[in-house]
Amino acid sequence: MKKRYVVVLAAGQGTRMKSKLYKVMHPILGRPMVGHVVDAALGAKVDRVITITGFGADVIKDYLGEKSEFVYQEEQLGTAHAVEQARDLLEGQEGTTVVLSGDTPLLTAETIANLMDFHEREEAKATVLTAMADDPFGYGRVIRAEDGSVGKIVEEKDASEEERLVREINTGTYCFDNEALYEILNQVDNNNAQGEYYLPDVVEILNEKNEIVSAHTLENMDESLGVNTRVALSQATKIMRERINKQHMINGVTLIDPENTYIEMDVEIGRDTVIEPNTYLKGKTVIGEDVFVGMNTMIEDSIIEDHAEVTQSVIENSIIRSGADVGPHSHLRPKSEIGEGAHIGNYVEIKKATIGKKTKVGHHTYVGDAKVGEDVNIGCGVVFANYDGKSKSTTTVGDHSFIGSNSNLVAPVNLGDNSFVAAGSTITEEIPENALGIARARQVNKEDFYTEYFKEENK
C-alpha cells in the first residue's frame, strides 16, 4: 500500500474572524478547528501529518503536540506557497498527499480515506474533492471533460454564463501524487491580482501535461464548509452538534430536545440515559447508563455513574457515584466525590470534598475540604469553614453523624462516628464518637423588653 501524507494549511491569521485568537484555534464543541482536521486525518490512518503554521505557530504546536510535524511559513503567499514549505519533508517521497485546510472542521476521517482510495484507484496525479451545491454562487466551478476527468476549475468571476450553471464546486481539498506535486510546485507562478501562489494552478499545469486529474464528489456538502467568519463558525457548530447528538441517539441515549442540547466531542454516554434541554456536557465527561440529566445543567470533565441524577446544576471535575442525586441548583466544584445513593440538594456547594454513601446534604450548605462519612445528615445552612485567610484546612465527619441546621464547623476539626452537632453551634474542637457537641450561648429572655425599648415612642 502506498504511503499516505496529509498537509494541513494553518498559517493564516483569519482577519475576518475579528479576533485575538488565531482562526484555526477557534473551538467547535470542545476542540479547536485545526484539532478536528488533524484528528480526522489521523482517523484516516495516514502515515504522516504535517501542519503548516504561521500566525499563532506556538499555540498550534502546543495544542497538537505529537499528533503532527510542523513547518513554519514566514510569509503567507498563497496555498501553493504553503504546501511548498513542506518540500524538505516530502520531496521525492512516493505516495499520496492530501492537502487540507485547517478551517474545514467538518471533514470526516471517512471522507479523507475515501478520497485517497478513489485517487489511487484512478491512478490520478491529482484529485479534486468536489461537492454539488444547490446555490454555487461564489464557488469555483469544476468543469468536467468528456471522459469525466477534470477539464478545468474556473472561478465565479471568470466563468461564462454556461459555466455558472454548473453546480459542481471545488471544496478546496486536494489529493496529489506526492512526487508529481513537488515537481509541479516549482512551475506555479504568482501572476495574479493578489500576487500569490495558488494550489489550483498545480491542477491546471497537470492538465496541460495531459496527466490524469480526477474529481471525487462529497455525499454531504456540509463537510466542505470553510470557517472564515463568526457566522460560519456558528454554522459549523450547529452541524457538528447535530452530528454528535445523532450518534448518541443511535447509540441509545434519549435527548428530549436535540436542538438545545450541547455535547462536546469527547463526551461518553451510556444507554438509556435521558438528557433534558439546555444541557451542556463538556470535556472528558463520562456518563453511565440509566442516568437522568435535567434541564439547565452543565457537566465538565466529570464522571456520572449509572442510575445517578443531576438536575439544574453545575458539575466540574467531580465524580457522582451510582444512585446519587444532585440538585436542583447545586454546584460541585473540582475534586468533589459524591458517594453511592447520596443526596445533594438545592443550593448546595461542594468543593474538594468526599461525601459518603447515603449521606444527605439537603439545602443551602457549603462543604469545602472535607471528608464526610456514610449515612450522615447535614442540615440546612451548615458551613464547613475551611479557610482562615491564609490556608485551607480539612474537616472530617464520621459515619452516622448528624449536623444540625445553621452550624459552623471550623477546620481543622474532627467529628467521630455517631456524633451530633446541636443546631446553631460553631464547632471548633473535636467531638468524640457518640457525643453531642453544643457550642452556643444559653437562651436568656428579657421580660418587658418591648415596653422598655419603645417607651419613648409610647409616651
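For clarity, every value in this text was computed on a predicted model and none was experimentally measured. (Residues numbered from 1 in each chain as written. Predicted model: local features only at pLDDT ≥ 70, side-chain atom pairs only at ≥ 80, totals over all residues. Heavy atoms only, no water.)

J.: An account of the overall build of the protein chain is requested, with residue identities and associated values reported.
T.: Assigned secondary structure in the protein chain consists of ten helices and 39 strands. Computed over C-alpha atoms, the radius of gyration of the protein chain comes to 31 Å, more than 25% over the 23 Å expected from 2.2 N^0.38 for 459 residues, which places it beyond the range of a compact globule. Over its C-alpha atoms, taken along the principal directions, the protein chain stretches across nearly 110 × 60 × 40 Å. Expressed as a percentage of its 459 residues, the buried residues of the protein chain come to 47%. (Helix = DSSP H or I, 4+ residues; strand = E, 2+ residues; numbered from the N terminus. Rg over C-alpha atoms; globule rule 2.2 N^0.38 Å. Buried < 20%, exposed > 50% of the residue type's maximum accessible area, 1.4 Å probe, protein only.)

J.: Mind laying out the UniProt feature "domain: Mannose-1-phosphate guanyltransferase C-terminal" (unreviewed entry) in the protein chain, listing which residues take part and the relevant values?
T.: Here, UniProt's "domain: Mannose-1-phosphate guanyltransferase C-terminal" (unreviewed entry) annotation points to residues 314–408. Between the end C-alpha atoms of residues 314–408 there is a gap of 24 Å, over a span that is 0% helix and 47% strand. (UniProt positions renumbered as here; feature names shortened; annotations may be inferred.)

J.: Tell me what's going on with helix α2 (residues 57–64), and back it up with residues and numbers.
T.: Those residues of α2 that sit buried are Ala 57, Ile 60 and Leu 64. Within α2, the buried residues cover an arc of 70 degrees as seen down the axis, which keeps them to one side. Along α2, the residues that are exposed and aim more than 90 degrees away from the buried face are Asp 58 and Asp 62. Close packing links the buried residues of α2 with β1 (4–10), α1 (33–43), β4 (48–53) and β5 (69–72). Positive backbone phi, at 55 degrees, marks Gly 65, one or two positions downstream of α2. (Arc of directions from axis to C-beta. Contact = heavy atoms within 4.5 Å.)

J.: So what about the environment of Tyr 63? Which residues, and what values?
T.: Considering the arrangement of structural elements, one finds Tyr 63 in helix α2. In sequence terms Tyr 63 and Phe 449 are 386 residues apart; their C-alpha atoms lie 70 Å from each other.

J.: Tell me about the packing of aromatic side chains, residues and numbers included.
T.: Using the criterion set out here, one finds four aromatic pairs in the structure. Ring plane angle 15 degrees and centroid distance 5.6 Å describe the contact between Tyr 262 and Tyr 280, whose orientation is recorded as stacked. With Tyr 262 in strand β13 (residues 261–263) and Tyr 280 in strand β16 (residues 279–282), this pair connects stretches of sequence that are 18 residues apart. Overall, the relative accessible area of 27% leaves Tyr 262 in the partly exposed class. Over the ring of Tyr 387 we find Lys 392, and its NZ or CZ is 5.4 Å from the ring centre. (Phe/Tyr/Trp six-rings, centres within 6.5 Å; stacked < 30°, edge-to-face > 60°. Lys NZ or Arg CZ within 6 Å of the ring centre and 35° of its normal.)

J.: Report on the nonpolar core, specifying residues and quantitative values.
T.: Ile 320, Ile 355, Val 367, Val 372, Phe 384 and Leu 409 are the most contacted members of the largest nonpolar core, which has 55 residues in total. Elements that contribute at least two residues to this core include exactly α9 (230–250), β27 (343–351), β29 (360–368), β30 (370–372) and β36 (413–415). Looking at this core element by element, the count peaks at six residues for α9. Once residues within four sequence positions are removed from consideration, Phe 384 is found in contact with Tyr 366, Val 367, Gly 368, Ala 370, Val 372, Ile 378, Thr 395, Val 397 and Leu 409. If you look at the next biggest cluster of nonpolar residues, it comprises 31 residues, including Ile 52, Val 71, Ala 86 and Val 99. (Core = buried A, V, L, I, M, F, W, Y, C linked by side-chain atoms within 4.5 Å.)

J.: Could you give me a rundown of the side chain of Arg 4, with the residues and numbers involved?
T.: Positionally, Arg 4 belongs in strand β1. Side-chain polar atoms of Arg 4 contact the side chain of Glu 120, separated by 3.0 Å. (Polar contact = N/O pair within 3.5 Å; in protein donor to acceptor, adjacent residues only side chain to side chain.)

J.: Break down α9 for me, citing the residues and quoting the values.
T.: The end-to-end C-alpha distance of α9 is 30 Å, a good match for the 30 Å that 21 residues give at a rise of 1.5 Å each. Buried residues in α9 make contact with β2 (27–28), α1, β12 (254–255), β13 and β14 (268–269). A positive phi of about 105 degrees marks Gly 252, the residue just after α9. (Expected span 1.5 Å × (residues − 1).)

J.: Give a detailed account of a negative patch on the surface, specifying residues and quantitative values.
T.: Together, Glu 94, Glu 179, Glu 183 and Glu 211 line one region of the surface with negative charge. Structurally, the position occupied by Glu 183 is in helix α7 (residues 178–184). (Patch = residues over 30% accessible without salt bridge, like charges linked within 9 Å, V, L, I, M, F, W, Y side chains within 5 Å. Areas by Shrake-Rupley, 256 points an atom, 1.4 Å probe, with all protein chains shown as cover. Salt bridge = Lys/Arg side-chain N within 4 Å of Asp/Glu carboxyl O. Lys, Arg positive; Asp, Glu negative; His and termini not counted. Charge placed at Lys NZ, Arg CZ, Asp CG, Glu CD.)

J.: Help me get a handle on the pairing of strand β8 (residues 141–144), residues and values and all.
T.: Along any regular strand, the residues point their side chains to alternate faces of the sheet. As judged from the four bridges shared by β8 and strand β9 (residues 150–154), these two strands associate in the antiparallel manner. Within β9, the position partnered with Arg 141 by the bridge is Val 154. Hairpin connection from β8 to β9: five residues lie between these consecutive antiparallel strands, with Gly 148 at a positive phi of about 90 degrees. (Pairing = 2+ DSSP bridges.)

J.: Let's hear about the sheet that holds strand β26 (residues 337–338): which residues, and what values?
T.: Strand order in the open sheet formed by nine strands is β14-β17-β20-β23-β26-β28-β30-β33-β36, and the pairing between neighbours is parallel. Two strands close off the open sheet at either side, each with one partner strand: β14 and β36. Alignment of strand β33 (residues 395–397) against β36, held across three bridges, turns out to be parallel. Of the residues in β36, the one forming a bridge with Val 397 is Leu 415.

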